[in-house]
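What follows is the residue order along each chain.
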Amino acid sequence: MCIWVAPCRLNAMRINDKDNVEISLADGHKYAVRDIDRGECVIKYGMPIGIATADIKKGERVHTDNLSTALGELLDYEYTPIPCEIPSSGEELFFEGYVRDDGSVGIRNEIWIIPTVGCVNKIAERLAALGGAFAYTHPYGCSQLGDDMKFTCHILKGLVNHPNAGGIIVLGLGCENNNISHFKSFLGEYDAERVRFLNCRDSADEIADGLAIIGELRERMSTDKRVPVPLSRLVVGLKCGGSDGYSGITANPLVGMIADRLAASGAATVMTEVPEMFGAEGLLMQRCRDRVTFDKLVDMINGFKSYFMRYGQPIYENPSPGNKAGGISTLEEKSLGCVQKGGTGPVSDVLRIGECVSRQGLNLLNGPGNDICAITNLTAAGAHMILFTTGRGTPLGAPVPTVKIATNSVLADEKPAWIDFDASAVLSDKAAACDALFELIIRTASGEETRNERNGYREIAVFHDGVTL
């Protein structure tokens, strides 16, 4: 939790009384509150964010020129749980959503076109443009081997099953590995009224046939109406885009407050970006609801480190140039800011890529930090919307409503067409900022469009890990 503690610079913030750095509210960078010796840990959020590589004098800026990561590789962890239950709010809240025939709930009622293979991407885009649908194109579905093909199938399955789509066209070519017959066996049970298939090679005129299917789906969806739905049915994705020095004191803590408030209402949140848990994973592990969940989280953390090592890459290869320009120096620092999005409650479950959220409270989802992959994984896991914090700004949007939350007012003012909410207000009034964002979430779930929706900015990227033939 952020606190104000005797800053040594004007207009500066010290986050935790254990910290030996403070954050300048003028530029988002870190400055030493006392002399720090070479080899000493630099402390922020009450936790080490790296090792000083040179003597640092009081008041001197602490950044990549005098601070280095202390991250290791594979680690052993001990399960030491702490009490962290979020009490029920006792208040039943509602949003206006669509209840599907299978009992699932959506917050949008759209037609999505999902290609089984990248070869039909342009046909999908043409159908979407002519029929008023949304095409989610990707370059995969063929010439993939093993788990890499399974990742593709899992992600596409999650999109086909997503309740925000009132109608789905699965668009195939015919010769691909992930052909429609194969994908149907992977998909399992589906609603034949809502999910339709079109194999382009078998059609004399795939555009005419596709538009006919869109017309049939639209007619089927014409009776779908919004009705009051308990907030406990909502699933909210949590994502941190490019960070700056304000991310860990404004947007991410604010989203953490929202995550706790949603948990108190019985709703679910899901947080991904495993590399941006490195260095902060212990804080999540001690909040696991049981030993089984803890073991799954250890496997996820070490499994993703092994993925880095398998390709000969250092696990600490982050933050990005934009993050560094904003004041973030090490992966530990970014991670400690990022995990605040998950709030303070128990970790309810740990999910593999393509698994769908089934438990209320905080879920952790395997996958990379890459923005487009992350929002795709969150969508495929069943997130109805995504709270996307950003200190650098991005126009990116998921297939689901993507609420962009700026860490600072300068970004919010400069890019109003991208940003839905300015989190800098949390510095002056936490309760009011939390109420305002919570109300925006309810309105978004009930149909209010986000900036990415108004702009038509929606896309996916399928996580790729393997050989392409």
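Residues numbered from 1 in each chain as written. Predicted model: local features only at pLDDT ≥ 70, side-chain atom pairs only at ≥ 80, totals over all residues. Heavy atoms only, no water.

**Student:** Outline the side chain of Gln144, supporting the account with residue identities and numerical values.
**Tutor:** Its place among the elements puts Gln144 in the loop between β11 (134-135) and α2 (146-160). For Gln144, a relative accessible area of 4% gives the class buried. Separated by 3.0 Å, the side chains of Gln144 and Asp148 make a polar contact. In this structure, Gln144 is in contact with Met149, Thr152, His464 and Val467, ignoring residues within four places of it in sequence. (Helix = DSSP H or I, 4+ residues; strand = E, 2+ residues; numbered from the N terminus. Buried < 20%, exposed > 50% of the residue type's maximum accessible area, 1.4 Å probe, protein only. Polar contact = N/O pair within 3.5 Å; in protein donor to acceptor, adjacent residues only side chain to side chain. Contact = heavy atoms within 4.5 Å.)

**Student:** Break down the environment of Leu437 for me, with residues and values.
**Tutor:** Take Leu437: it is sitting in helix α12 (residues 430-445). Separated by 15 residues in the primary sequence, Leu437 and Asp422 place their C-alpha atoms 9.2 Å from one another. Not counting chain neighbours up to four residues away, the residues in contact with Leu437 comprise Leu254, Ile258, Ile405 and Phe421.

**Student:** Tell me about the sheet that holds strand β7 (residues 67-68), and name the residues and values.
**Tutor:** In a beta sheet, neighbouring strands pair by backbone hydrogen bonds and run either parallel or antiparallel. Taken in spatial order, the three strands line up as β4-β5-β7 in an open sheet, and their pairing is antiparallel. Each edge of the sheet is formed by a strand with only one pairing partner; in this case those strands are β4 (41-44) and β7. Bridging between β4 and strand β5 (residues 47-52) involves four bridges; their strand directions are antiparallel. Within β5, the residue paired with Lys44 across the bridge is Met47. Packed on one face of the sheet, helix α9 (residues 331-338) meets β4 and β5 and runs near 165° to β5. (Pairing = 2+ DSSP bridges. Axes fitted to C-alpha atoms, helices over the stretch in contact; angles between N-to-C directions.)

**Student:** Which residues make up the pattern of salt bridges, and what are the values?
**Tutor:** Under the defined criterion, the tally for this structure stands at 26 salt bridges. Across the salt bridge formed by Lys239 and Asp371, the nearest N and O atoms sit 2.6 Å from each other. Here Asp371 lies in helix α10 (residues 371-380) and Lys239 lies in strand β15 (residues 235-240), a separation of 132 residues in the sequence. A residue is classified by how much of its surface remains accessible, and Asp371, at 22% relative accessible area, is partly exposed. (Salt bridge = Lys/Arg side-chain N within 4 Å of Asp/Glu carboxyl O.)

**Student:** Account for the nonpolar core, naming residues and giving values.
**Tutor:** Ranked by internal contacts, the top residues of the largest apolar core, which has 109 residues, are Phe95, Leu234, Leu297, Leu364, Met385, Leu387 and Ile405. If we skip the residues at most four places from it in the chain, Leu297 touches Leu284, Met285, Cys288, Val350 and Leu364. Core analysis: the second largest hydrophobic core is formed by 17 residues, Val117, Leu127, Leu198 and Leu217 among them. (Core = buried A, V, L, I, M, F, W, Y, C linked by side-chain atoms within 4.5 Å.)

**Student:** Which residues make up helix α1 (residues 121-131), and what values do they have?
**Tutor:** Residues Asn121, Ala124, Leu127, Ala128 and Gly131 constitute the buried set of α1. In an axial view of α1, the angular spread of the buried residues amounts to 130°, which keeps them on one side of the axis. Across from the buried face of α1, at angles greater than 90 degrees, the exposed residues are Lys122, Arg126, Ala129 and Leu130. Where α1 is buried, its residues meet β10 (110-115), β11, β12 (165-172) and α4 (206-221). Looking at the residues trailing α1, positive phi occurs at Gly132, about 70°. (Arc of directions from axis to C-beta.)

**Student:** Pulling in residues and values, what's your account of the sheet that holds β12?
**Tutor:** With parallel pairing, the four strands of this open sheet are ordered in space as β11-β10-β12-β13. Where the open sheet ends on each side, the last strands, each with one partner, are β11 and β13 (195-199). Bridge count for β10 against β11 is two bridges, and the pairing is parallel. The residue of β11 that forms the bridge with Trp112 is Phe134.

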